Amino acid sequence: MIEETKDMDQALDRGASMSLLTTMMRIRDFEARVEELFFAWQIAGSVHLYIGEEAVATGVCSALRPNDYLTSTHRGHGHAIAKGAQLDRMMAELFGRKTGYCKGKGGSMHIADFSVGMLGANGIVAGGLPIAVGAGLSAKMRQSGQVVACFFGDGATSRGTFHEALNMAAVFRLPVLFVNENNQYASTTPASYGVSVEDVASRSAGYGIPGVVVDGNDVLAVRESALAAVERARAGEGPTLLECKTYRWRGHYVGDPEQYRDKEEVLRWRERCPIQRFQKLLMENGTTRQGEIDEISRRIEEEVAAAERFAQESPLPDPDEALDDLFANPLRGRR
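Residues numbered from 1 in each chain as written. Predicted model: local features only at pLDDT ≥ 70, side-chain atom pairs only at ≥ 80, totals over all residues. Heavy atoms only, no water.

## A closer look at the confidence of the model for the protein
Here the protein averages 94 in pLDDT, and 95% of its residues register 70 or above. Across residues 1–11, confidence stays below pLDDT 50; counting only partners more than four residues off in sequence or on other chains, it has 25 contacts. (pLDDT = per-residue confidence, 0-100. Contact = heavy atoms within 4.5 Å.)

This is the structure we're talking about:
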C-alpha cells in the first residue's frame, strides 16, 4: 500500500519546507524552458523531461548529505538540480558549450557533477544500477559513512542489471537506496504490461531487503521514506528498494507523439501535480502565502534566464579538443 504523509509539523520546519518547494519549482521551470528551447532549435539531441516527477528527486535528495552519491537516468535533469548542480553549467551542456558539465560533449543524458556527488546521468536503461553498487562498495570499504541514491524507471526493473545490483547490494549490505521512479511507462510500454507484479517494491523480497511503496507525487511521503532508508543504510543494515508511484506529464522524449496513452489519463495525473499539492498544503497550514510563492517563482525565472544567457554566450568546444577526457593518457599531440 502507498504510505500516507504524517503530520508535517513532526517532520519539517518552515525553512526546510520552503526549500523543498523551491527545489521542485526550480526543476519544473528549468524543464519547461528546456522544452521551449528544444522546439526553438536551440538544443540538439534527445531531451527527456522530468515534468510531473519533481517530488521524487526533491524528497530523496533532501534526505542526503552533500557528500552522498547519486546515480541518474536518461531523465536526469531533476536529479542533478535536486542534488545541487548548477543551472548555468547544465544549460551550457544542453547547448553543447565548452562551459557545460561535460564541456559540451555529453548533452542532456550525461550530466555529472562529482563536486555534489552526482555521478552522472546515463543513456543506458538500468546503466546507473551497477555504478551505484560500485560506489556503495567503495563507501563501505572506506568506512566513509556515505550513502548512494540510485534512480531508475519501471522499465529498468526488468533488466538483468537490476537484479544483479540488488543481489550484490543485499549480500554485502551496501549503503544503497534504490529509488524506482515508476512513472507508469517504459518508453511506450505500460508498466501494467511490462512488469510482472503490481508493485516493483515487492521484488525486494527476493533479496531479503525492505521494499517500500510511496506516493511519488507527495514530497513529504518520499522524504520520510528516504530518510528511514538512508538511516538504515548508514547504520550498516544494507539497501532498501523504494518505489515512488508517479507520472511523467510529457512524452518519453520531447516531440513524442504519445499515441500509446489517452489524453484523459494525462489530465487525471496532472490534477495530482506534486507542486500545486505541496503549495496548497503549505498555504493551508500557514507556512507560506501566495505572495511569497510568486516571489520564489520570479527569482527562479530570473535564475533560469541567467543560465540560458550564460549558455548562449559561452563558446563551442574547439575541434582540437575532441579527444580530450576520453583517455587516461591523452592522445592529442602524439605522433
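## So, the environment of Asp256
If you trace the backbone, Asp256 turns up in the loop between β7 (240–245) and α10 (263–270). Residue classification places Asp256 among the buried residues on the basis of a relative accessible area of 10%. Placed 69 residues apart in sequence, Asp256 and Ser187 show a C-alpha to C-alpha distance of 9.7 Å. Within the structure, Asp256 has its side chain in polar contact with the side chain of Tyr260 (distance 2.6 Å). (Helix = DSSP H or I, 4+ residues; strand = E, 2+ residues; numbered from the N terminus. Buried < 20%, exposed > 50% of the residue type's maximum accessible area, 1.4 Å probe, protein only. Polar contact = N/O pair within 3.5 Å; in protein donor to acceptor, adjacent residues only side chain to side chain.)

## A closer look at the sheet that holds strand β1 (residues 69–71)
Strand pairing in a sheet relies on backbone hydrogen bonds. The paired strands run either parallel or antiparallel. Ordered by their spatial adjacency, five strands build an open sheet running β1-β2-β3-β7-β6, and the pairing between neighbours is parallel. Each having just a single partner strand, β1 and β6 (211–215) make up the two edges of the open sheet. Ignoring which end each strand starts from, the neighbouring axes of this sheet average 20° apart. Judged from the five bridges that link them, β6 and β7 form a sheet pairing that is parallel. Bridge pairing in β7 links Gly211 to Leu241. (Pairing = 2+ DSSP bridges. Axes fitted to C-alpha atoms, helices over the stretch in contact; angles between N-to-C directions.)

## Structural notes on unusual backbone geometry
Its identity as a non-glycine residue notwithstanding, Gln143 has a phi of 55°, on the positive side. Mapped onto the elements of the fold, Gln143 is located in the loop between α6 (128–142) and β2 (148–153). Classification of Gln143 by relative accessible area gives exposed; the value is 73%. Notably, Ser187 is not glycine yet its phi reads approximately 60°, a positive angle. Checked against the element boundaries, Ser187 lands in the loop between β4 (185–186) and β5 (189–190).

## Looking at the pairing of β2
Of all six residues making up β2, five are buried, and the element is well covered by its neighbours. As paired strands, β1 and β2 are joined by three bridges and run parallel to one another. Looking at the pairing, Thr71 lines up with Cys150 of β2. For the crossover that starts at β2, traverses helix α7 (residues 160–171) and ends in the parallel strand β3 (residues 176–182), the hand is right-handed. (Right-handed = clockwise from strand over helix to strand, strands pointing away.)

## What about the pattern of salt bridges?
For the structure on display, the rule yields 19 salt bridges. The closest approach of N and O atoms between Lys245 and Asp199, which form a salt bridge, is 2.9 Å. Placement of Lys245 in strand β7 and of Asp199 in the loop between α8 (191–194) and β6 is noted, with a sequence separation of 46 residues between them. With a relative accessible area of 13%, Lys245 lands in the buried category. The partner of Arg299 in a salt bridge is Glu295, and the shortest N-O contact between them spans 3.9 Å. Residue Arg299 and its partner Glu295 are both found in helix α12 (residues 290–313); the two are separated by four residues, about one turn of the helix. Residue class for Arg299 comes out partly exposed when judged on its relative accessible area of 42%. Within this structure, Asp215, Asp218, Arg272 and Arg277 form a network of salt bridges that share partners. (Salt bridge = Lys/Arg side-chain N within 4 Å of Asp/Glu carboxyl O.)

## A word on a nonpolar patch on the surface
A contiguous nonpolar patch, built from Met168, Val171 and Phe172 and spanning about 270 Å² of accessible area, is present on the exposed surface. Checked against the element boundaries, Phe172 lands in the loop between α7 and β3. (Patch = residues over 30% accessible without salt bridge, like charges linked within 9 Å, V, L, I, M, F, W, Y side chains within 5 Å. Areas by Shrake-Rupley, 256 points an atom, 1.4 Å probe, with all protein chains shown as cover.)

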